[in-house]
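Observations on the three-dimensional arrangement
Residue-level listing of the chains:
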Amino acid sequence: MKKIMSSLCFIAAFIVLSIQTTVAQTVDATTIVTDTLSVNGDCGMCKKKIETACFGLKGVQKANWDDETLTLVVTYDSKKTSSDAILKRIALVGYDNEKYRAADKAYFKLEECCQYDRSRVTTVASKKE
Ligand SMILES: [Cu+2]
């Protein structure tokens, strides 16, 4: 009898624990966001600079910029950062994107090979410039 009771206890504890784990995972998952953003650029060096800019922000887990589609797929913790903050930072290092246009100064500071065609990505609203 004692043996049955203790194994029942064990099972109950196991169930409670696994429910808690499931709940914790669900809460975590909702703060992790993956966005696809338009970011202008040209070559492999641009790719490195754009992705490095992303990783400079807390909470960014994955960043991959494609030089053919000019899109950045970025995964981040929305509790720690936002797509807005990411795009702002990318503009600061010289890359126009869907939300922010880089300052001319930052653009002309790029290596010559990196001075991409600025007409390829249209910036919707450039409030900050
Ligand atoms: Cu480049």
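A few points on the structure. (Residues numbered from 1 in each chain as written. Predicted model: local features only at pLDDT ≥ 70, side-chain atom pairs only at ≥ 80, totals over all residues.)

1. Re the overall build of the protein
Of the regular secondary structure elements, the protein holds 4 helices and 3 strands. In the protein, the succession of helices and strands from N to C terminus is α-β-α-β-β-α-α. Taken over 129 residues, the protein has a buried fraction of 22%. Across the protein, every contact between residues at least 6 apart in sequence was considered, and the portion connecting residues at least 24 apart equals 60%. (Helix = DSSP H or I, 4+ residues; strand = E, 2+ residues; numbered from the N terminus. Buried ≥ 20, exposed ≤ 12 C-beta atoms within 10 Å, placed from the backbone. Contact = placed C-beta atoms within 7 Å.)

2. Observations regarding the sheet that holds strand β1 (residues 32–38)
Read across the sheet, 3 strands follow the order β1-β3-β2 without closing on themselves; strand pairing throughout is antiparallel. The strands lining the two open edges of the sheet, one partner per strand, are β1 and β2 (60–66). Direction aside, neighbouring strands of the sheet carry axes that sit 10 degrees apart on average. (Pairing = 2+ DSSP bridges. Axes fitted to C-alpha atoms, helices over the stretch in contact; angles between N-to-C directions.)

3. Structural notes on unusual backbone geometry
Among all residues save glycine, negative phi is the norm, and among peptide bonds the norm is trans. Positive phi is not limited to glycine here, since leucine 70 has a value of about 55 degrees. In this structure, leucine 70 sits in the loop between β2 and β3 (71–77).

4. Looking at helix α3 (residues 83–92)
Residues spaced three or four apart along an α-helix face the same direction, because each turn holds 3.6 residues. The complete set of buried residues in α3 reads Ile86, Leu87, Ile90 and Ala91. Relative to the axis of α3, the buried residues are bounded by an arc of 135 degrees and lie together on one face. Residues of α3 that are buried in the fold lie against β1, α2 (44–55) and β3. Once α3 ends, the next one or two residues include glycine 94, with phi positive near 115 degrees. (Arc of directions from axis to C-beta.)

5. Focus on the pairing of β3
The two faces of β3 differ: Leu72, Val74 and Tyr76 on one face are buried, but Thr71, Val73, Thr75 and Asp77 on the other face are not. Note that β1 and β3 share 7 bridges and pair antiparallel. Along β3, the bridge assignment pairs serine 38 with threonine 71. Judged from the 6 bridges that link them, β2 and β3 form a sheet pairing that is antiparallel. Opposite alanine 63, over in β3, you have valine 74 as the bridge partner.

6. As for α2
Across its 12 residues, α2 extends 17 Å between first and last C-alpha, which sits within 8% of the 16 Å expected from 1.5 Å per residue. Those residues of α2 that are buried lie in contact with β2, β3 and α3. (Expected span 1.5 Å × (residues − 1).)

7. A few points about the environment of valine 33
Assignment of secondary structure puts valine 33 in strand β1. For valine 33, a count of 16 C-beta atoms within 10 Å translates into the label partly exposed. Sequence separation between valine 33 and serine 83 is 50 residues, and the spatial gap between their C-alpha atoms is 9.4 Å. In contact with valine 33, other than residues within four places in its own chain, are Tyr76 and Ser78.

8. So, the environment of isoleucine 32
Position of isoleucine 32 relative to the elements: it lies in strand β1. Not counting residues up to four positions away in its chain, the partners in contact with isoleucine 32 are Thr75 and Asp77.

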